[in-house]
Amino acid sequence: MTFLATSALSRSFGGLAAVANVDLALVPGEIRAIIGPNGAGKTTLVSLISGRVPPSSGSIVFEGDDITDLKPWERVLRGIVYTFQITSVFRNLTLGENVALSVQRALTRDRPIWRHIDSDLVAEEVKAALDRVGLGLRADEVAGELAYGHQRLLEVAMGLALKPKLLILDEPTQGLSEQEIADFCALVRIISLDATILLIEHNMDVVMALADRITVMNNGTLLAEGTPDEIMANAEVQCAYLGN
Amino acid sequence: MRLRLADRRIWGLHLGLIAVLFLLQFVLPDYHHTNVARILVLATYAMGYNLLVGYTGLLSLGHAMFFAAGLYGAGLSIYYFDLHPVLGFLLGSAAALVFAIAVGLIALRTTGVAFMIVTMMFAQAFYLATLYFNSITRGDEGLVLAPEARRFAFFGLDFDLAEPVTRYNMALALFVGGLIVCLMLVRSPVGRVMVAIRENEERTRMLGYNARDYKLLALSLSGLLSGAAGAAYVLLFAYMGSTFAGIQYSILPLLWVLLGGVGTVVGPLIGTLLMFYLIDKTSEVMSSYLIVVGAVLVLLVLFFPKGIAGTLRARYARWMP
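Residues numbered from 1 in each chain as written. Chains lettered and ligands numbered in written order. Predicted model: local features only at pLDDT ≥ 70, side-chain atom pairs only at ≥ 80, totals over all residues.

Colleague: How do you make sense of the overall build of chain B when you look at a structure like this?
Modeller: Within chain B, the regular secondary structure consists of 14 helices and four strands. The principal-axis extent of the C-alpha atoms belonging to chain B is close to 55 × 50 × 45 Å. Counting only residues that meet the buried cut, chain B has 47% of its 321 residues in that class. For chain B, the share of sequence-separated contacts (at least 6 apart) that also reach a separation of at least 24 residues comes to 76%. (Helix = DSSP H or I, 4+ residues; strand = E, 2+ residues; numbered from the N terminus. Buried ≥ 20, exposed ≤ 12 C-beta atoms within 10 Å, placed from the backbone. Contact = placed C-beta atoms within 7 Å.)

Colleague: I'm lost on the overall build of chain A in this one. Help?
Modeller: Each helix and strand in chain A was counted, giving nine helices and ten strands. For 244 residues, the compact-globule estimate of 2.2 N^0.38 gives 18 Å, and chain A sits close to it at 18 Å. By its C-alpha atoms, chain A is 55 × 40 × 35 Å across when sized along the principal axes. Within chain A, the fraction of its 244 residues that count as buried is 43%. Within chain A, residue pairs in contact and separated by at least 24 positions form 66% of the contacts whose partners lie at least 6 positions apart. (Rg over C-alpha atoms; globule rule 2.2 N^0.38 Å.)

Colleague: Is there a simple way to think about the sheet that holds strand S7 (residues 166-170) of chain A in this case?
Modeller: Where strands meet in a sheet, backbone hydrogen bonds hold them as pairs that are either parallel or antiparallel. All names here are of chain A. With respect to topology, six strands assemble into an open sheet ordered S6-S7-S8-S3-S9-S10, the strand pairing being mixed. Each edge of the open sheet carries a strand with a single partner, namely strand S6 (80-83) and strand S10 (221-226). Between one strand axis and the next, the sheet turns by 20° as a mean value, whatever way the strands run. The pairing of strand S3 (residues 31-35) with strand S8 (residues 196-200) spans four bridges and is classified as parallel. Residue pairing for S8: Ile 31 is matched across the bridge by Ile 197. Along the sheet, helix H1 (residues 42-50) makes contact with S3, S6, S7, S8 and strand S9 (213-218), crossing S7 at roughly 150°. (Pairing = 2+ DSSP bridges. Axes fitted to C-alpha atoms, helices over the stretch in contact; angles between N-to-C directions.)

Colleague: I'm lost on the interface of chain A and chain B in this one. Help?
Modeller: When the parts of a complex come together, some accessible area is lost, and that lost area is often taken as the interface size. The partner chain B presents 16 residues to the 25 residues of chain A that form the contact. Mapped by element, the contributors of at least two residues to the side of chain A that touches chain B are helix H2 (72-78) and helix H3 (95-107) of chain A. The biggest single contributor to the side of chain A that touches chain B is H3(A), with six residues. Of the residues in the side of chain A that touches chain B, the class split is 15 nonpolar, five polar and five charged. (Nonpolar A, V, L, I, M, F, W, Y, C, P; charged D, E, K, R; others polar.)

Colleague: Would you mind going over the nonpolar core with me for this structure?
Modeller: Soluble globular proteins tend to bury their nonpolar side chains together. Residues Ala157(A), Val41(B) and Ala232(B) are the most contacted members of the largest nonpolar core, which totals 166 residues. Residue contributions to this core peak at 16 residues, all from helix H10 (residues 211-237) of chain B. Those residues in contact with Val41(B) that lie beyond four places of it in its chain are Ala171(B), Leu174(B), Ala229(B), Ala232(B), Tyr233(B) and Leu236(B). (Core = buried A, V, L, I, M, F, W, Y, C linked by C-beta atoms within 7 Å.)

Colleague: Just to check I follow, could you spell out the sheet that holds strand S4 (residues 57-62) of chain A for this structure?
Modeller: All names here are of chain A. Ordered in space as S2-S1-S4-S5, the four strands form an open sheet in which the pairing is antiparallel. Here the strands that pair on one side only, and so sit at the sheet edges, are strand S2 (16-26) and strand S5 (65-66). As paired elements, strand S1 (residues 4-13) and S2 share seven bridges and run antiparallel to each other. For Leu 4, the partnering residue across the bridge sits in S2 and is Leu 26. Along the sheet face, H1 touches S1, S2 and S4 and points at about 65° away from the line of S2.

Colleague: What's the story with unusual backbone geometry in this structure? I'm lost.
Modeller: Leaving glycine out, the prevailing phi sign among residues is negative, and the prevailing peptide bond configuration is trans. Residue and element names in this part refer to chain A. Phi at Asn 21 takes a positive value of approximately 50°, unusual for a residue other than glycine. Structurally, the position occupied by Asn 21 is in strand S2. Phi is positive for Lys 163, close to 55°, though the residue is something other than glycine. Note that Lys 163 resides in the loop between helix H5 (148-161) and S7.

Colleague: I would appreciate a short explanation of the packing of helix H8 (residues 189-199) of chain B against H10(B) in the present structure.
Modeller: The axes of two packed helices give the description: the angle between them and the distance between them. Residue and element names in this part refer to chain B. Packing of H8 against H10 brings their axes to within 10 Å, and their N-to-C directions diverge by 110°. Between H8 and H10, the angle falls in the class roughly perpendicular. Between H8 and H10, the contacting residues are Val 193, Met 194 and Ile 197 on the first element and Ala 211, Tyr 214, Lys 215 and Ala 218 on the second. Class assignment of the residues belonging to the contact of H8 with H10 gives a composition of six nonpolar, no polar and one charged. (Parallel < 35°, antiparallel > 145°, perpendicular 65-115°, else oblique.)

Colleague: Hey, could you run me through the packing of helix H7 (residues 164-186) of chain B against H10(B) in this one?
Modeller: Residue and element names in this part refer to chain B. Axis separation between H7 and H10 bottoms out at 11 Å; the angle between their running directions is 175°. When the axis of H7 is compared with that of H10, the two are roughly antiparallel. Taking contact as the criterion, the partners of Arg 167, Met 170, Ala 171, Leu 174, Gly 178 and Val 181 in H7 are, on H10, Leu 225, Ala 228, Ala 229, Ala 232 and Leu 236. Within the contact of H7 with H10, the residues separate by chemical class into nine nonpolar, one polar and one charged.

Colleague: Looking at this structure, I do not really get helix H6 (residues 178-191) of chain A. What am I missing?
Modeller: Owing to its 3.6 residues per turn, the α-helix brings residues three or four apart onto one side. Residues and elements named next belong to chain A. Over its 14 residues, H6 extends 20 Å from the first C-alpha to the last, a length consistent with the 20 Å expected when each residue adds 1.5 Å. Listed as buried for H6 are Phe 184, Val 188 and Ile 191. Seen from one end, H6 has its buried residues packed into an arc of 60°, which puts them on one side. Residues Glu 178, Gln 179, Ala 186 and Ile 190 are exposed on H6 and point more than 90 degrees away from its buried face. (Expected span 1.5 Å × (residues − 1). Arc of directions from axis to C-beta.)

Colleague: In this structure, what is going on with the pairing of strand S3 (residues 157-160) of chain B? I would like to understand it.
Modeller: Look at any regular strand and the pattern is simple: side chains alternate between the two faces of the sheet. Pairing of strand S2 (residues 151-154) of chain B with S3(B), which is carried by four bridges, proceeds in the antiparallel orientation. Across the sheet, residue Phe154(B) finds its bridge partner in S3(B), namely Leu157(B).

Colleague: It is not clear to me how the confidence of the model for chain B should be interpreted in this structure. Could you clarify?
Modeller: Low-pLDDT portions of the prediction should not be read for the details of their coordinates. Mean pLDDT over chain B: 92, with 99% of residues reaching 70 or higher. Across the assembled chains, the prediction reports ipTM 0.89 with pTM 0.90. (pLDDT = per-residue confidence, 0-100.)

Colleague: In this structure, what is going on with the environment of Leu157(B)? I would like to understand it.
Modeller: With respect to the helices and strands, Leu157(B) occurs in strand S3. Between the C-alpha atom of Leu157(B) and that of Phe81(B), which follows or precedes it by 76 residues, the distance is 22 Å.

Colleague: Just to check I follow, could you spell out the environment of Arg150(B) for this structure?
Modeller: Residue and element names in this part refer to chain B. Within the fold, Arg 150 resides in the loop between strand S1 (143-144) and S2. With 86 residues separating them along the chain, Arg 150 and Leu 236 place their C-alpha atoms 8.1 Å apart. Arg 150 has contacts with Pro 85, Leu 145, Asp 160, Leu 161, Ala 162, Leu 235 and Ala 238, leaving out every residue within four places of it along the chain.

Okay, structure coming up:
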């Protein structure tokens with residue numbers, strides 16, 4: 001069964017076609033990287049999938065259901081989770097509070113939130129999510145005071161705590177140090193054991209190390225798709241990146 | 001264990017505050033006795049306002065409408081139909097709730113400055129309506145509830161709201177009710193989402209929350225609490241007039257909350273108390289007292305930018321809700 005499939009998905013801003021007629025299909029459990037030059041439409045594409053941006057035309061099917069018209073929060077409840085390119089944690093709240101927002105949402109997926117939620121269970125799951133990204137001891141610190149790399153990890157912890165089926169990571173390693181990138185790759189591999197991952201990434205070492213398959217975008221369209229080796233050997237891709 | 005400690009501190013602080021307010025009535029001279037009762041009712045109004053502005057981050061300039069809806073909903077029904085005061089109180093609060101939901105459904109389509117303007121416009125329309133229906137409300141001149149309308153029996157007990165002791169404790173009961181509602185709400189999962197919306201609405205939506213529903217809930221509860229304060233005001237102080245629906249009664253709770261601490265549970269009381277006595281004391285000694293009030297507000301903004309409780313929290317007590 002197709003896990004996620006877009007068909008003829010398009011989005012224009014004014015006269016500019018940011019995403020044009022994209023057919024993208026993901027299989028469950030894979031790590032899919034989307035690469036492409038700046039302005040290729042990568043972020044717009046994942047914004048369409050997560051519902052942040054409504055499509056101009058086309059449709060999106062997730063686990064057999066058409067989700068094209070669903071609101072972003074409804075998609076989150078179905079398991080499509082987006083982590084922001086520009087770090088977007090709640091800067092004035094503590095790490096624990098940041099993650100608790102995700103945890104309580106995951107716990108109340110199918111019931112109203114004002115019904116009783118076991119606060120011990122929330123605390124436990126907050127701890128677990130922070131532990132997974134290595135921030136477990138810093139739950140009481142204020143998010144805005146964290147180093148940039150740690151804020152990115154917090155962002156991932158918030159995504160994880162939502163128990164995603166599809167986790168969209170938008171340039172997660174941007175601004176991280178070498179060591180942080182290595183740790184991050186290890187983390188993504190562990191996450192991929194129970195979630196499908198859609199990864200937008202500029203760092204080709206990260207892409208090559210993680211991706212099962214790579215989709216290349218250029219000018220809003222899909223240019224190529226294949227295994228890392230196939231993509232490396234693809235003449236069109238080299239052309240798009242290096243110019244004619 | 002840290003959480004448990006914070007819980008103890010929070011309940012300790014607020015129960016202590018309630019105890020102090022209860023004991024205050026035995027030492028206050030008559031004049032201040034009445035003042036503090038009035039401050040407690042107005043502080044409840046400020047707490048309601050703070051739910052929206054402080055915790056959800058929506059700046060309304062139209063809350064006088066909800067306060068006045070409570071005031072008139074209770075006052076007029078008692079004045080004209082001899083309604084039981086308790087029923088009048090409930091009716092006034094319900095009227096404010098209905099207004100809040102109706103305004104919310106429209107105004108929440110906007111954000112920021114537009115939201116301020118839309119709420120202000122609704123409140124002005126309500127204010128003008130109280131003047132227009134002069135034959136019923138008597139406009140600016142207002143109406144006074146008769147003493148017998150404020151005497152009632154409830155569960156076998158006789159109450160006379162003109163009685164200072166009854167009045168003080170009724171005002172305190174209202175305030176304590178409001179305080180507990182606010183405290184429980186802001187510490188609940190729903191309160192956590194409200195704060196998240198204040199901090200970053202887009203992010204909150206992408207965590208799976210329908211932000212609009214939470215904003216409507218916050219506005220409704222805020223309007224309900226403001227209306228309950230308005231209803232209590234007319235019962236305890238017997239007077240209702242168009243002034244309470246005017247723009248200054250939309251601005252006042254903003255000032256009280258800013259002064260006391262936006263997004264703190266005790267801030268509204270501190271702000272209301274301070275502002276009330278600031279005006280009271282300075283107007284005793286000079287006629288141009290607003291200059292002094294203005295200067296004090298400027299100094300507070302300079303040295304306590306987060307309000308008194310907000311600044312204390314940031315410096316000494318991060319655990320304070």
